Amino acid sequence: DGALLGEGAFAVVRRLVCRRTGSPVALKVVEKYPLHIRNMLAQLQREVRIQGRLQHRHILRLLQCVEDDSYVYMVLEHCSGGSLRSLCAKRQAAVPPEA
């Protein structure tokens, strides 16, 4: 459906449906140019390499990664509970301030 799940300084994440399985996935689209001018492309390549190798029940799996001249497209498992940032914000809001 393409719903926006989140966005950061260099990327947006959208919810898509896998044509083959019908399961929801997250597509993280990272723009290369801002990373290139900050000498951060190697960091992105390292993130892709590491996340592609990780297999842990608390870490989203990288299902596929492709790129063109301008963008890196990372297909990730979809997490229906929201982003880590939103979960932390909800948790912080639920904790009463100390006197």
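A brief report on the enclosed structure follows. Numbering of residues starts from 1 in each chain and follows the order in which that chain's sequence is written. Given that this is a predicted model, residues contribute local features only at a pLDDT of at least 70 and side-chain atom pairs are listed and counted only at 80 or more, while totals for whole chains, interfaces and linings are drawn from all residues. Water and hydrogen atoms play no part in the side-chain values, which are based on all heavy atoms of the structure.

Here we take up the environment of Val12. To qualify as a helix, a DSSP run of H or I must reach at least 4 residues; to qualify as a strand, a run of E must reach at least 2; elements of each kind are numbered from the N terminus. Mapping Val12 onto the fold places it in strand E2 (residues 11-17). It is 8.1 Å that separates the C-alpha atoms of Val12 and Leu27, two residues lying 15 residues apart in sequence. Residues count as neighbours in contact if any of their non-hydrogen atoms are within 4.5 Å of one another. Beyond its immediate sequence surroundings of up to four residues, Val12 is in contact with Leu4, Gly6, Glu7, Leu27, Lys28 and Val29.

To continue, consider the packing of aromatic side chains. How two aromatic rings sit relative to each other is given by the distance of their centres and the angle of their planes. Here a Phe, Tyr or Trp ring, Trp counted by its six-membered ring, pairs with any other such ring whose centre lies within 6.5 Å, and the pair is stacked when the planes are under 30 degrees apart, edge-to-face when over 60, and tilted otherwise. Per the counting criterion, the structure on display carries one aromatic pair. On the basis of an interplanar angle of 45 degrees and a centroid distance of 6.0 Å, the ring pair of Tyr71 and Tyr73 is categorised as tilted. A residue is classified by how much of its surface remains accessible, and Tyr73, at 23% relative accessible area, is partly exposed. Here's how the labels work: a residue is buried when its accessible area is under 20% of the maximum for its type, exposed when over 50%, partly exposed in between, all with a 1.4 Å probe on protein chains only.

Salt bridge criterion: a side-chain nitrogen from Lys or Arg within 4 Å of a carboxyl oxygen from Asp or Glu. Overall, the coordinates contain two salt bridges when judged by the stated rule. Here Lys28 and Glu47 are joined by a salt bridge, their closest N and O atoms 3.0 Å apart. With Lys28 in strand E3 (residues 24-31) and Glu47 in helix H2 (residues 41-53), the pair connects residues that are 19 residues apart, well separated along the chain. A residue is classified by how much of its surface remains accessible, and Lys28, at 21% relative accessible area, is partly exposed. As a salt-bridge pair, Glu67 and Lys32 come within 2.4 Å of each other at their nearest N and O atoms. Residue Glu67 is found in strand E4 (residues 62-67), and its partner Lys32 is found in helix H1 (residues 32-37); the two are separated by 35 residues along the sequence. Using a relative accessible area of 54% as the deciding quantity, one classes Glu67 as exposed. With a relative accessible area of 13%, Lys32 lands in the buried category.

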